Amino acid sequence: MKLRTIFYGLTSGLLLGLSSCSLNYEPLDTYSDVTEGVTSDGTKIVFKDKAAVESHLTTLYNQMRDRQEHWYVDLLLISDSHSDNAYAGTTGAEVVPFENNSIEGSNSVLERDWNRYLEDVARANKLICNIDLVTDNSLTTAERAQYKAEAKIFRAMVMFDMVRLWGNFPVITTVGGDITEDNVEEMYPTYFPPQNTAEEAYAQIEKDLTEAVENPNTPTNDASDKSILTKSVARAMLAKVYAEKPLRDYAKVIKYADELAADGFDLVEDFSDLWAYDTEKKDCRVRNTKEAILEAHFPPGSGNWCTWMFGRNLSNWDESFTWAKWITPSRDLIRLYEEQGDTKRYNESVVWYDCGWSNYYPADHYAFMYKCRSAFNSIIYLRYADILLLKAEAKIMGETPDLNGAADIIDRIRNRAGLGKLPQSTRSSKEALLQAYMDERRMELAFEGQRWYDLCRLNKVEEVMNAVYAKDSGRHAQENLFNENSYLLAIPQGAIDQNENLIQNPGY
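Residues numbered from 1 in each chain as written. Predicted model: local features only at pLDDT ≥ 70, side-chain atom pairs only at ≥ 80, totals over all residues. Heavy atoms only, no water.

*Asks:* Whenever I open this one, the nonpolar core confuses me. Can you help?
*Replies:* A general trend in soluble globular proteins is that nonpolar side chains are found buried together. Residues Phe310 and Tyr437 are the most contacted members of the largest nonpolar core, which totals 148 residues. Ranked by residue count, the leading element in this core is helix α6 (residues 141–166), at 14 residues. Not counting chain neighbours up to four residues away, the residues in contact with tyrosine 437 comprise Leu389, Leu390, Ala392, Glu393, Ile396, Ile410, Arg457 and Leu458. Ranked by size, the runner-up nonpolar core spans 5 residues in total, among them Val268, Phe271, Trp275 and Ile380. (Core = buried A, V, L, I, M, F, W, Y, C linked by side-chain atoms within 4.5 Å. Buried < 20%, exposed > 50% of the residue type's maximum accessible area, 1.4 Å probe, protein only. Helix = DSSP H or I, 4+ residues; strand = E, 2+ residues; numbered from the N terminus. Contact = heavy atoms within 4.5 Å.)

Spelled out as structure tokens, the structure:
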């Protein structure tokens, strides 16, 4: 049933509920999720005071920490298992298609992500569109500007994921009004909007992030708390945005990478500090490193449940370790570590245990993703090594290539991993240096949600993915060849069924 029909049936109930609400008479627990009541003169109130605004801002931050399916788990499935870094891990019908390239619009993972991303956008819009209407004078002008900037960074991050996954999608920056019997035809497009182009999506993302950087009230980098949406987060996102088609501007990638260095970001000396827990297994070793730009914290007692999606929770050895895990490291990735002699990053990225299943390796020697290894681990969404390597890409691929400058950056990353400098033959060849760069990103950023997007950004999907099945004996058989339509994923069929304005991506 189309939701247009459903809305007609709900209209009278909505009107009845809204007409009975008044801030002057009703207790708070009777208000809807959309408003906190209606004044006696009929004015709708979304946030009744400063506390309500701050509570809603907290819900945005909680999405990044607590709702990890689309913010982290599915991101790794798409980026690592849909690339050459990993196998799906389990045999579930919702995850294997990412490994064997048989994704369809009916895939439940994509539908979950689509719906939740749009929910997150709606949450951000609720604050952005209504904060200036709050009549509580204790909410200062500076605080309004700050909270709005944080919400815009949040919205831009969500839309960035959506545009890279689906290309054209509805870019929603407003909050839909109430639907009544009289205005359902008028309001229908606000609830079921048409798709915007990828260019339009990137323009909105760029606008949100640029405004956050330029806003004097946006929080600045706090070395003691990297869980805040700051100017530095916006700069990191802009560096990533400007590396992408169709908005590519490598000069701006370099600009924002340099601004992050000026903000105080740098590589940690010990790569393991990013992932390890303490020797007493009571907390992670280090939070808020100088390399972390944005991370979600899980202090003792809160629990990062994602650890048991990928392997063992080393703070509780046997917790939820009775079923096959997602994101199993591939033989092809392990081979790269071994060929490069990269034992440091290999040991921090891949671990071997015995287990009760043998989907990809013998049960007594089974590979697991290791970058989320305990309930105390932070989830690092943005880190400086990623942006620094993007600066190297900009120097390789920019209008005026600087191969030596790019090689120096790659060597800096390699040096931390205990590897030697790139040979002169690689440094002097753009093609060889680009391959070394891609290998470096693959080893450095494995299981951080980057590999698939690297292949897409650099037009390497067909070349890399159509070849990996023959050289990696552990992968499920390839169902479909990768082609020009593979760079975007299927829009969920359920979303298309509900919204007649959505058009499926080519190839699905």
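Next, the rest of the story.
*Asks:* Would you explain the side chain of asparagine 100 in this entry?
*Replies:* Within the secondary structure, asparagine 100 is located in helix α4 (residues 96–100). Of note is the side chain of asparagine 100, whose polar atom sits 2.6 Å from the side chain of serine 102. (Polar contact = N/O pair within 3.5 Å; in protein donor to acceptor, adjacent residues only side chain to side chain.)

*Asks:* Please explain the pattern of salt bridges as it appears in this structure.
*Replies:* Where charged atoms from two side chains of opposite charge approach closely, those side chains can pair. One pass over the structure, following the stated rule, counts 49 salt bridges. With a shortest N-O distance of 3.5 Å, glutamate 244 and arginine 164 are connected by a salt bridge. Separated by 80 residues along the polypeptide, glutamate 244 in the loop between α9 (231–242) and α10 (250–262) and arginine 164 in helix α6 bring together distant segments of the chain. The exposure class assigned to glutamate 244 is buried, which follows from its relative accessible area of 8%. Accessibility expressed as a relative area gives 11% for arginine 164, which makes it buried. (Salt bridge = Lys/Arg side-chain N within 4 Å of Asp/Glu carboxyl O.)

*Asks:* Is there a simple way to explain the packing of aromatic side chains in this structure?
*Replies:* Geometrically, a pair of aromatic rings is defined through the distance of the ring centres and the angle of the planes. The full count for this structure, using the stated rule, is 24 aromatic pairs. Ring centres of tyrosine 87 and tyrosine 360 lie 4.7 Å apart, and the angle between their planes is 10°; this geometry places the pair in the stacked category. On the criterion of sequence distance, the pair formed by tyrosine 87 in strand β1 (residues 86–87) and tyrosine 360 in the loop between β4 (350–353) and β5 (366–369) is long-range, its members being 273 residues apart. The class for tyrosine 87 is buried, based on a relative accessible area of 0%. (Phe/Tyr/Trp six-rings, centres within 6.5 Å; stacked < 30°, edge-to-face > 60°.)

*Asks:* What's the story with the pairing of strand β6 (residues 379–383) in this structure? I'm lost.
*Replies:* Walk down a regular strand and you will see the side chains alternate between the two sheet faces. Within β6, 5 of the 5 residues are buried, which leaves the element mostly enclosed by the surrounding structure. The pairing of strand β2 (residues 292–296) with β6 spans 4 bridges and is antiparallel. Looking at the pairing, alanine 296 lines up with isoleucine 379 of β6. (Pairing = 2+ DSSP bridges.)

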